Amino acid sequence: MHLGALFIASHVLTSGSVRETARRFQLSPSTVSTAIHNLETELAMTLTERASGELATLIASGRVLEGLEPIMAAISELGQWVGHDGAGAEIDEAWTSRIPVKIVTMERFLEVADQGSINRAARRLRLGQPQLSLQLANLEKFLRHRLFERQAQGSVLTEEGRRTYQIFMAISQAWNDLKSSADERYRRTARSLRIGSIIPTGSESWVARCLGSLVSEWNARRNNNAISLVSMTADDLREALKNGRIDVAILDSVFGLESFRHRELLQTDMVVIAPPDSTETSVADLVAGHPICMPSPRTGLGHAAMAFSYERAPNRRRRGQDITAADSLPVIVDLVANHGYVSFLGRVSAMPIADKVRIVDLDEHLPMSYHVAFNHRKAAADACTVIIEAAARITSEAVVKTAAVA
């Protein structure tokens with residue numbers, strides 16, 4: 001990344017506008033957008049996002065702006081020194097936004113100054129001596145000052161070189177401070193074990209309780225990998241596992257995940273959940289007499305439920321509003337409990353909400369199962385073992401509790 005791009009990105013974070021920055025510095029919006037994108041990439045963090053067509057700076061941008069302050073001060077000093085301060089105390093912003101000096105070039109200059117020899121610095125940097133000499137010559141040409149005196153014993157800084165050294169050292173130290181924070185964030189992310197699950201019906205659902213047990217047991221063992229949890233739809237879980245955003249996925253079908261390792265988490269059967277004040281005794285009557293809301297047909301449960309509901313009411317006159325697909329189980333439960341809908345769930349998911357809905361058995365047993373799919377990481381396999389053990393324990397407790405009530 002070069003100094004001009006840092007100057008541009010700093011102004012974007014201050015003003016909150018790509019277009020205003022582009023107009024002010026006489027640049028194209030794409031150049032300004034590239035500068036802020038490169039800074040985000042270097043620091044491994046998101047600093048801005050688009051909201052209704054407008055750029056919004058995130059909370060993290062404030063900390064980055066503080067870290068950029070000494071860099072901006074040094075860049076300002078550089079501009080004043082080489083004769084690009086405007087009519088007053090303000091620097092020539094158009095010139096500053098185009099400073100082509102890369103941070104890596106500055107660091108190579110500092111290495112030569114510290115070593116007192118281009119040859120020694122080139123060996124330490126693992127560069128060819130001609131390549132390093134050319135970079136220094138280009139730097140001197142841009143700054144319009146001779147930075148080194150070449151002597152028999154090596155290269156010695158000129159007076160202008162010493163001033164350049166002070167400016168570049170201030171920039172390098174501030175940049176390394178910013179980067180060290182980014183590197184630590186990257187290490188934390190690399191150590192993190194990312195678990196994705198289907199959205200649970202509520203805090204008492206088996207999914208939520210399994211994940212709670214996982215976090216508790218995992219941290220009690222003081223594992224090196226920190227747990228990170230996220231809930232999303234089944235489709236999103238598959239994509240997240242494929243592109244590496246999560247390491248483990250809890251879902252009701254492993255369709256499309258054949259290249260990943262997977263294990264059966266638990267077996268259950270499908271039931272109907274109906275409004276608590278409903279009186280229909282058969283599934284066919286429930287399906288015929290109520291609007292239906294169910295998981296998306298792209299999920300294993302949703303696909304089976306859709307097929308089952310059509311089989312049980314083949315002559316029903318369907319309207320678009322009669323069947324609603326929703327991948328949010330809490331929304332499905334609310335529609336059933338409070339708005340007269342019926343839906344289909346796995347029994348293990350329905351049992352914890354038996355106080356909110358009426359559970360009706362199907363007239364034929366329709367088995368279904370949940371799975372954990374995971375990548376190659378050992379920590380992912382270890383987490384799956386804990387999740388499976390927790391699921392077995394939690395579902396067996398639920399069966400015992402139900403039997404006791406009966």
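Above this note sits the structure.
Residues numbered from 1 in each chain as written. Predicted model: local features only at pLDDT ≥ 70, side-chain atom pairs only at ≥ 80, totals over all residues. Heavy atoms only, no water.

Engineer: For this particular structure, what's the right way to read helix H1 (residues 3-15)?
Structural biologist: For an α-helix, 3.6 residues make a turn, and residues three or four places apart therefore share a direction. With 13 residues, H1 should reach 18 Å at 1.5 Å per residue; the first-to-last C-alpha distance of 18 Å fits that figure. For H1, the tally of buried residues reaches eleven of 13 residues, placing the bulk of the element in the interior. Within two residues after H1, Gly16 carries a phi angle of roughly 75°, on the positive side. (Helix = DSSP H or I, 4+ residues; strand = E, 2+ residues; numbered from the N terminus. Expected span 1.5 Å × (residues − 1). Buried < 20%, exposed > 50% of the residue type's maximum accessible area, 1.4 Å probe, protein only.)

Engineer: Just to check I follow, could you spell out unusual backbone geometry for this structure?
Structural biologist: Most peptide bonds are trans, and most residues other than glycine sit at a negative phi. A positive phi is found at Arg126, a non-glycine position, where the angle reads about 60°. Taking the relative accessible area as the measure of exposure, Arg126 reaches 78% and is therefore exposed. Phi angles above zero are rare outside glycine, and Arg144 is one such case at about 60°. You can see Arg144 is positioned in the loop between helix H8 (129-143) and strand S3 (148-151). Taking the relative accessible area as the measure of exposure, Arg144 reaches 55% and is therefore exposed.

Engineer: When you look at the packing of aromatic side chains in this model, what are you seeing that I'm missing?
Structural biologist: Two aromatic rings are characterised by how far apart their centres lie and by the angle between their planes. In this structure the tally under the stated criterion is five aromatic pairs. Judged by centre distance (5.7 Å) and plane angle (5°), the rings of Trp95 and Phe142 are stacked. Of this pair, Trp95 sits in helix H5 (residues 93-96) while Phe142 sits in helix H8, and the two are 47 residues apart along the sequence. What links up through ring pairs into an aromatic cluster is the set Phe109, Phe148 and Phe168. (Phe/Tyr/Trp six-rings, centres within 6.5 Å; stacked < 30°, edge-to-face > 60°.)

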